[in-house]
Amino acid sequence: MARVRGAIVIDVERCKGCGVCVANCPSHVIGLEHAVNSKGYHFSHVENPEECTGCTNCATVCPDAVITVYRKKFD
Amino acid sequence: MEFNEIINPGNLVYKKTNLLTDKVLSYCPGCGHGTANRLVMEVIDEMKIQSETIGVASVGCSVLAYEFMDIDMVGAPHGRAPALATGIKRVYPDKFVFTYQGDGDLAAIGTSETIHACNRGENITIIFINNGIYGMTGGQMAPTSLEGMKTSTSPYGRDIESMGHPLKITELVSQLDGVYYVSRQAVHTPSAARKAKKAIRIAFENQKLKKGLSLVEIVSSCNSNWKLSPVKANEWMEENMFPFYPLGDIKVDGVAVKKVL
Amino acid sequence: MAELKLMKGNEAIAEAAIRAGADGYFGYPITPQSEILEYLMVEDAFKRTGMVVLQAESEIAAINMVFGAASTGKKILTSSSSPGVSLMQEGISYIAGAEVPCLIVNVVRGGPGLGSIQPSQADYFQSVKGGGHGDYRLIVLAPASVQEMCDFVPLGFDLAFKYRIPVLMLSDGLIGQMMEKVIMFDQIPRATQFDQSWSLTGKPANRQRNTVTSLDMDPYGMENHNRNLQAKYTKIEENEVRFEAIFCDDAEFIFVAYGASARICQKSTQLARDKGLKVGLFRPITLFPFPKKELLALAGKTKAFLSVEMSAGQMIEDIQIATKGKVNVEHFGRYGGVIHSPTEVLEAMENLIKNS
């Protein structure tokens, strides 16, 4: 059965760790990292990559435009 | 490994528009300004009108908007953006001209410029960010602050009797004949942001029609000054701001679609 | 072809603006200069040249429309009178800070406050010292005839663009309202190319975006910007001083006056000369840059200066600074909207001569 898989790339240095993407990801893919970036923010990171569908919701709400989204259909 | 197969240019479905510069946005974490800045730039990018667009930044949190938007822009004095936009549009009637203003700028100090630009039916777009507070100066009461809302200058809550009512400036200007399109949107969820982007697109497309002014209000949070986390602030906004500032189109194609006031 | 016309000073400004190839005028009615906006509307400037004319909702809006329109590198002007120009000061400060060229006309009336609607020169300080906030200057031109009201429009635009600075034409209700013959210059076509190095035209692919702003969050950056502004003002002081000296070569006593007062002093000078008194008239045409060197040179060979202004005495301070105590400088002037007569000015000079 065909399956749509997604992946996101987060620019962690520009991420301010607001968590809006985390709250808006329908597949619970994203979480906030325990570590901090050079600005001291707990940046977003991908916790469950397998669940990503590439729906772009996270990037659409990201106030700092730090998320790039890819999507591929697998047969 | 599927992951590496997915991340390649052929599968790209979303990346930051090049019209948003690489400069780190000066807004607080979780602030709707960043999303709104990006949506405006996405619209200009998709319409391919970068070389035809002149923007007017205002005073407030978005005072540095011209550092994030890769277009020709001017920084207006506090509240005067619609007057600057009028001047630009009058001498360049075929350019796309917009202002980007907050609620203190547009609905307090700039009320006169706002109402008269609207009333003259200037063929410009106003992007109006309403978070019910003065963000830049540290959380003072705005004309749009809700009844009972605690701010640094209404520390016991906005008292209607002594401080007046919150101002629904968007409904107010929608009554004016010079105004062609008015919509109130938000950017805190994916669906809200997508709708907001559509409204912004309409507000820019309308400039080609030369039928009057288009205004898109974006109800946003100010988590820093509301003293909530970004996610909690968005919830508070849904519970408290949206009932008073309901989302949706108010005027489309010069016709009121919602009974207001 | 140049045309000889009989016009009010205000009308001359309006006609000159059209002929100078101005792209836009934004203004708000106020006595005694409403003829400027009225004339532009009656003449249908837009039809004649494509010049935009718009009546704003306030002087605050008008100056900010000027700010926006002038940010595109086009030739833009506004006009008002004293209370209206006070309202414009915020915008003028921003325009000066952002280094945007434009022309502002002040047809001065009596103040303070709502004051009167008659001629005055009491806005001198506001004009030459920087009427708004921050360290800035305007180039200030002081016309003394309807001809100069006409000629200083293209001159004002030239200086504004040469230095990217707002130029203020400091007129008054007398020059604005009086009718004189004026030789009107030929139509200059409106520009079609604009300076892409700074102005807003929409960002093409082949250049960086242009930003017009007076803001710098970094105080050291702002200090540097201020330093550049001061260097520009110094250059203007070195190169753009304009003045007129009448009978000053052998004068023992000199009237110093600008604008309408200079016209009155011209008559007083003639009357004095008729009486055999060695009196001259020095007329600053640029109030910033102020003709400091020229006045200092005259100070060494003159017994006294009489500064004649329709104010309680404002320009006199600049004369005193310029002449470094080398000459006695006195003031005479009526104010609040009252115009001094040539004979009372002469009388003041005769008293000064008697007491010197």
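Given the structure is predicted, the values throughout are model-derived calculations rather than measurements.

**Overview of the packing of aromatic side chains**
Part 1: Summed over the entire model, instances satisfying the criterion amount to nine aromatic pairs over all chains.
Part 2: Through successive ring pairs, a cluster of aromatic residues spans Tyr124, Phe125 and Tyr258 of chain C.
Part 3: Above the plane of the ring of Tyr92 of chain B lies Lys74 of chain C, whose end atom (NZ or CZ) is 4.1 Å from the centre.

**What about the packing of helix α4 (residues 81–91) of chain B against helix α4 (residues 59–70) of chain C?**
Part 1: Put simply, α4 of chain B and α4 of chain C touch, their axes get as near as 6 Å, and they point 50° apart. Comparing the axis directions of α4 of chain B and α4 of chain C gives the class oblique. Two packed elements cross with a definite hand, and for α4 of chain B against α4 of chain C that hand is right-handed. Packed against α4 of chain B, whose contacting residues are Ala83, Leu84, Thr86, Gly87, Ile88 and Val91 of chain B, the element α4 of chain C presents Ala61, Asn64, Met65, Phe67, Gly68 and Ala69 of chain C at the interface.
Part 2: Within the contact of α4 of chain B with α4 of chain C, the residues separate by chemical class into eight nonpolar, four polar and no charged.

**Points about the arrangement of the chains**
Part 1: Taking contact number as the criterion, the leading pair out of two pairs of chains in contact is chains B and C.
Part 2: The two units chain A and chain C are non-contacting; their minimal C-alpha-C-alpha distance is 20 Å.

**Focus on the interface of chain B and chain C**
Part 1: Taken together, the 36 residues of chain B in the interface contact 34 residues of chain C.
Part 2: Together, the buried faces of chain B and chain C total about 2700 Å²; carbon and sulfur atoms form 61% of this surface.
Part 3: Summed over the shared surface of chain B and chain C, the result is four salt bridges.
Part 4: Among the ionic pairs, Arg120 of chain B bridges to Glu57 of chain C, the shortest N-O distance being 2.8 Å.
Part 5: There are 16 residue pairs in polar contact (both at pLDDT 80 or more) connecting chain B and chain C.
Part 6: When residues of the side of chain B that touches chain C are traced back to their parent elements, those giving at least two are β2 (53–57), α3 (65–68), β3 (72–75), α4 and α6 (111–120) of chain B.

**Topic: the pattern of salt bridges**
Part 1: Applying the stated criterion across every chain yields a total of 41 salt bridges over all chains.
Part 2: A salt bridge links Glu205 of chain B to Lys208 of chain B; the nearest nitrogen and oxygen atoms lie 2.8 Å apart. Taken together, the residues span about one helical turn, with Glu205 of chain B and Lys208 of chain B both in helix α9 (residues 190–209) at a distance of three residues.
Part 3: Of the residues examined, Glu205 of chain B reaches a relative accessible area of 24% and is grouped as partly exposed.
Part 4: One salt bridge connects Arg273 of chain C with Asp250 of chain C, and the closest N-O pair in it is separated by 2.9 Å. Here Arg273 of chain C, found in helix α10 (residues 259–274), pairs with Asp250 of chain C, found in the loop between β10 (243–246) and β11 (253–256); they are 23 residues apart in sequence, far enough to count as distant.
Part 5: A relative accessible area of 23% means that Arg273 of chain C is categorised as partly exposed.
Part 6: Salt bridges here are not isolated pairs; linked through shared partners, they connect Glu3, Glu15, Arg19, Glu43 and Arg48 of chain C.

**Comments concerning the layout of surface pockets**
All names here are of chain C.
Part 1: Volume-wise, the largest pocket comes out at about 350 Å³.
Part 2: Taken together, 21 residues form the lining of the largest pocket, with Ser93, His133, Ser214, Leu215 and Met222 sitting closest to its centre.
Part 3: Elements supplying a minimum of two residues to the lining of the largest pocket: α5 (82–98) and α9 (219–239).
Part 4: For the lining of the largest pocket, the per-class residue count stands at 10 nonpolar, 10 polar and one charged.

**Regarding the nonpolar core**
Part 1: In terms of nonpolar packing, the biggest core is built from 128 residues, with Leu40, Met51, Phe67, Val153, Leu287 and Phe305 of chain C touching the most fellow members.
Part 2: Here the element with the most residues in this core is helix α7 (residues 146–163) of chain C; it accounts for 10 residues.
Part 3: A domain-level breakdown of this core finds at least three residues from each of domain 1 (3–184) and domain 2 (243–355) of chain C.
Part 4: Leu39, Val43, Met73 and Ile200 of chain B belong to the second largest nonpolar core, which has 38 residues in total.

**Description of the sheet that holds strand β12 (residues 279–284) of chain C**
Residues and elements named next belong to chain C.
Part 1: The five strands lie next to each other as β10-β12-β11-β14-β15, forming an open sheet whose pairing is mixed. Each of the sheet's edge strands pairs with one partner strand only, and the pair in question is β10 and β15 (328–332). Taken over all neighbouring pairs, the strand axes of this sheet differ in orientation by 20° on average, direction set aside.
Part 2: Inspection of the sheet shows strand β14 (residues 304–308) paired to β15 by five bridges, in the parallel sense. Opposite Leu306, over in β15, you have Glu330 as the bridge partner.

**Quick look at unusual backbone geometry**
Part 1: Of note, the bond from Gly111 of chain C into Pro112 of chain C is cis; its omega dihedral lies within 30 degrees of zero at 0°.
Part 2: As for its position among the elements, Pro112 of chain C is in the loop between β5 (102–108) and α6 (124–128).
Part 3: The residue after Phe288 of chain C, namely Pro289 of chain C, is reached through a cis peptide bond having omega 0°.
Part 4: Following the sequence through the fold, Pro289 of chain C ends up in the loop between β13 (286–288) and α11 (292–299).
Part 5: Notably, Thr56 of chain A is not glycine yet its phi reads approximately 75°, a positive angle.

**Some details on the domain arrangement of chain C**
All names here are of chain C.
Part 1: Its domain assignment divides chain C into domain 1 (3–184) and domain 2 (243–355).
Part 2: Between domain 1 and domain 2, the C-alpha centre-to-centre distance is 26 Å.
Part 3: Counting from both sides, the interface comprises 30 residues of domain 1 and, opposite them, 25 residues of domain 2.
Part 4: At the boundary of domain 1 with domain 2, total buried surface from both sides reaches about 2200 Å², with 56% on carbon and sulfur atoms.
Part 5: For the pair domain 1 and domain 2, the number of links is three salt bridges.
Part 6: In this structure, Arg263 and Glu180 form a salt bridge, with 2.5 Å as the shortest nitrogen-oxygen distance.
Part 7: Taken together, the connections running from domain 1 to domain 2 amount to 17 residue pairs in polar contact (both at pLDDT 80 or more).
Part 8: When contributions to the side of domain 1 that touches domain 2 are tallied by element, the ones reaching two or more residues are α6, β6 (139–141), α7, β7 (166–172) and α8 (173–177).
Part 9: Classifying every residue of the side of domain 1 that touches domain 2 gives 17 nonpolar, seven polar and six charged.

Criteria and cut-off values
- Residues numbered from 1 in each chain as written.
- Chains lettered and ligands numbered in written order.
- Predicted model: local features only at pLDDT ≥ 70, side-chain atom pairs only at ≥ 80, totals over all residues.
- Heavy atoms only, no water.
- Phe/Tyr/Trp six-rings, centres within 6.5 Å; stacked < 30°, edge-to-face > 60°.
- Lys NZ or Arg CZ within 6 Å of the ring centre and 35° of its normal.
- Axes fitted to C-alpha atoms, helices over the stretch in contact; angles between N-to-C directions.
- Helix = DSSP H or I, 4+ residues; strand = E, 2+ residues; numbered from the N terminus.
- Parallel < 35°, antiparallel > 145°, perpendicular 65-115°, else oblique.
- Left-handed = near helix turned anticlockwise from the far one by under 90°.
- Contact = heavy atoms within 4.5 Å.
- Nonpolar A, V, L, I, M, F, W, Y, C, P; charged D, E, K, R; others polar.
- Buried area = accessible area lost by both parts, 1.4 Å probe.
- Salt bridge = Lys/Arg side-chain N within 4 Å of Asp/Glu carboxyl O.
- Polar contact = N/O pair within 3.5 Å; in protein donor to acceptor, adjacent residues only side chain to side chain.
- Buried < 20%, exposed > 50% of the residue type's maximum accessible area, 1.4 Å probe, protein only.
- 1 Å grid on protein atoms, 1.4 Å probe; cavity = no way out; pocket = protein on both sides within 12 Å on 5 of 7 lines; lining within 4 Å.
- Points joined across faces, edges and corners; volume = space filled by probe spheres on them.
- Core = buried A, V, L, I, M, F, W, Y, C linked by side-chain atoms within 4.5 Å.
- Domains from an automatic or database assignment.
- Pairing = 2+ DSSP bridges.

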